[in-house]
Amino acid sequence: MDTALDKPLELGEPETLHGISGSPGIVVGKVVVFSPLAEGFIRYRLEEGAASKEEQRFLAAVAQAEQSLISLRQQFEGDLADTVAIVDSHIRMVRDRMIVEQSLNLIRQKQINAEWALDLSLRLIKKKFDHIADDYIRSRFADVEYVAQLVAEQLTGQGRSFPAGFAEPVIVVGEDFSPEDTIRMHTDKVLGFLTEKGGATSHTAIVARSLGLPAVVGVADITQLCRTGDTVILDGYNGRVCLHPTMDQQQLHLEYDRQHRAFSDEMSWYIHLASETVDGLRMRLSANIEIPDELESVIYYGANGIGLFRSEFGYFQRRQLPSEEDLFTVYRDMVAALSPQPVTIRTLDVGGDKLAAHLPNSGLHFARERNPALGLRSIRFSLREQDLFITQLRALLRASGHGRLRILLPLISSLNELRQTRAVIDKVMEQLTQEGIPFNAETEIGIMIEVPSAVVMADTLAAEVDFFSIGTNDLIQYALAIDRGNEYVASMYDPLHPAVLRMISQTIEAGHRQGIEVSLCGEMAGDVFTAPVLLGLGLDELSMRPSAIPHVKRLLRHSTFGRLTALAKQLLGCGDSSETKALLKQYLADNYPDQFADNERA
Ligand code: PEP
Ligand code: MG
């Protein structure tokens, strides 16, 4: 392990990486990168008569592993109930027959050393878990693996310890960390952690949240992209990592963190209140999520359903493409869990910065594109790879009978493209009907409005869909010709550009003229600085990361419909974003002086 933090930094260009918010909070610091534990161990056949000694060696390792867990548990007794419960489950597991008896049998029957027997046991257990249909139980194999790893560490004398030898507080980076690793990080020497694997409600993330340790998980290739000693910003609120940040970026993030923490206590009061203005105008505040694990926070933060499920994340980090059955199970469970609230599932949106090449290798078309944002992405990819698309549509439609599922099509740029897509959906509906498979034939089909041509043609498109969802993340990039992932032009990426506000307003009017609902699911929906204008523009729904919901709800509940619409009208009349920002800043300072009087973000 390289812990030399004092070597000179080679600064690269600032770069933002996206992962999943594991635990809220922002920290800035140098990283220490851990490589995975050495997997190699020695295998050998035992000499005659050596089996019972080897069994004793194995049992001693089990006892030591158990003891290390018991001491860890004692540190947290009477405190941190979630954490203690997880350690307890591992204490029970370390003595489990699956691991212990099976390994002892293997030592005796095959006359092999304890490490080898443990490895074989683990493989046999994995086979059993692989056949379990329930995703949650299947995923618990990670705990069995962790416990076996602890025993292996005792046998081999190898192990990792936190926070060995860190001279200054650091951000630790690794492929993955166990819940117990996370507990060991709970010292003043670890600021937070980043992993390549993991989900928002993995045990590691649960522990990180209960310890208040900021974390971003699921950041692709993070162990390759940063080196020990690099400075990063870990943004656990938004699941983002900024490599090689400038001093300005560091200060802005720390200020944001300060504001966030100051309001978090007050915000929890809003979770159970209705999303409505003082004069009773209601607006749905729903959640954007990437993986089903986030369902827990959707419910916790009181979302009115899911406004955007980015289904593409279910295709990444897998060996094979998900089957219809895999997808159906995920969609059905999600829809059923939130019924009668709507669950809006967007069909595969790969391409652009979500590399199609990250899909499991399966003979799909992966173009090496000069300009991926303008290339074969989103619905264009699905229409080209129709087998893949049909598999997803079948899963979606089959799940449609289990609650209120809405299908959302990304990056529609013309009526022709919409009609081609609807033809595929009709074909899938016919297939299902012929096969006698039940589905809801009235399933709402909506489109993302994220290309300027779709805004201009919104009235025509509205006549052929059930709802619009405005994707401002892309709409801003295409309208202003600013690559949303390019740091060089990031300062020109401007949600409050009057052109953007007018496009949003135009889309809402076109949708409402046709009697369809208009939602907005870009990042600006969850930003308390930009949300007031969206609240005043007459949208039916704002969809955002779950933790932002109480913040936006607070704005809504302290406003009147009249004040919000007047603000929106004023902003639509501006000629430049310096004017829109000044007006908005004034509005926020007048109406929320406690939160915005010193706000410099404008
Ligand atoms: C958008 O473009 O605003 C959007 C919500 O989709 P994504 O960020 O996944 O492109
Ligand atoms: Mg988009």
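In the annotation of an unreviewed UniProt entry, the entry for the chain reads Phosphoenolpyruvate-protein phosphotransferase, and the organism field reads Candidatus Electronema aureum. Taken from UniProt, the Subcellular location (unreviewed entry) comment for the chain reads in full: "Cytoplasm".

Asks: How would you sum up the site of ligand 1? Please name residues and give values.
Replies: Neighbouring residues of ligand 1: 14 residues in total, closest Arg 310, Arg 346, Gly 471, Asn 473 and Arg 484. One nitrogen or oxygen atom from the side chain of Arg 310 is found 2.8 Å from an oxygen atom belonging to ligand 1. Taking Asn 473, its main chain carries an N or O atom lying 2.7 Å from an oxygen atom of ligand 1. For ligand 1, whose free accessible area comes to 290 Å², the fraction covered by protein is 98%. For the shell around ligand 1, the secondary-structure elements that each account for two or more residues are β10 (306–310) and α18 (472–480). For the shell around ligand 1, the leading source of residues is α18, giving 3 residues. In the shell around ligand 1, the residues fall into 3 nonpolar, 4 polar and 7 charged.

Asks: Describe the sheet that holds strand β14 (residues 467–470), with residues and values.
Replies: Sheet architecture is closed into a barrel: 8 strands sit in the order β9-β10-β11-β12-β13-β14-β15-β16, paired in parallel fashion. Geometrically, the sheet is characterised by an average inter-axis angle of 25° between neighbouring strands, direction not taken into account. Bridge count between strand β13 (residues 444–449) and β14: 4 bridges; the pairing is parallel. In the strand pairing of β14, Gly 446 is matched with Phe 467. Against the sheet, helix α14 (residues 386–399) engages β11 (342–346) and β12 (404–409), with an angle of about 155° to β12. The sheet strands contacting helix α21 (residues 549–557) are β9 (284–289) and β16 (541–544), and the helix crosses β9 at an angle near 160°.

Conventions adopted
Residues numbered from 1 in each chain as written. Chains lettered and ligands numbered in written order. Predicted model: local features only at pLDDT ≥ 70, side-chain atom pairs only at ≥ 80, totals over all residues. Heavy atoms only, no water. UniProt positions renumbered as here; feature names shortened; annotations may be inferred. Near = heavy atom within 4 Å. Polar contact = N/O pair within 3.5 Å; in protein donor to acceptor, adjacent residues only side chain to side chain. Areas by Shrake-Rupley, 256 points an atom, 1.4 Å probe, with all protein chains shown as cover. Helix = DSSP H or I, 4+ residues; strand = E, 2+ residues; numbered from the N terminus. Nonpolar A, V, L, I, M, F, W, Y, C, P; charged D, E, K, R; others polar. Pairing = 2+ DSSP bridges. Axes fitted to C-alpha atoms, helices over the stretch in contact; angles between N-to-C directions. Contact = heavy atoms within 4.5 Å.

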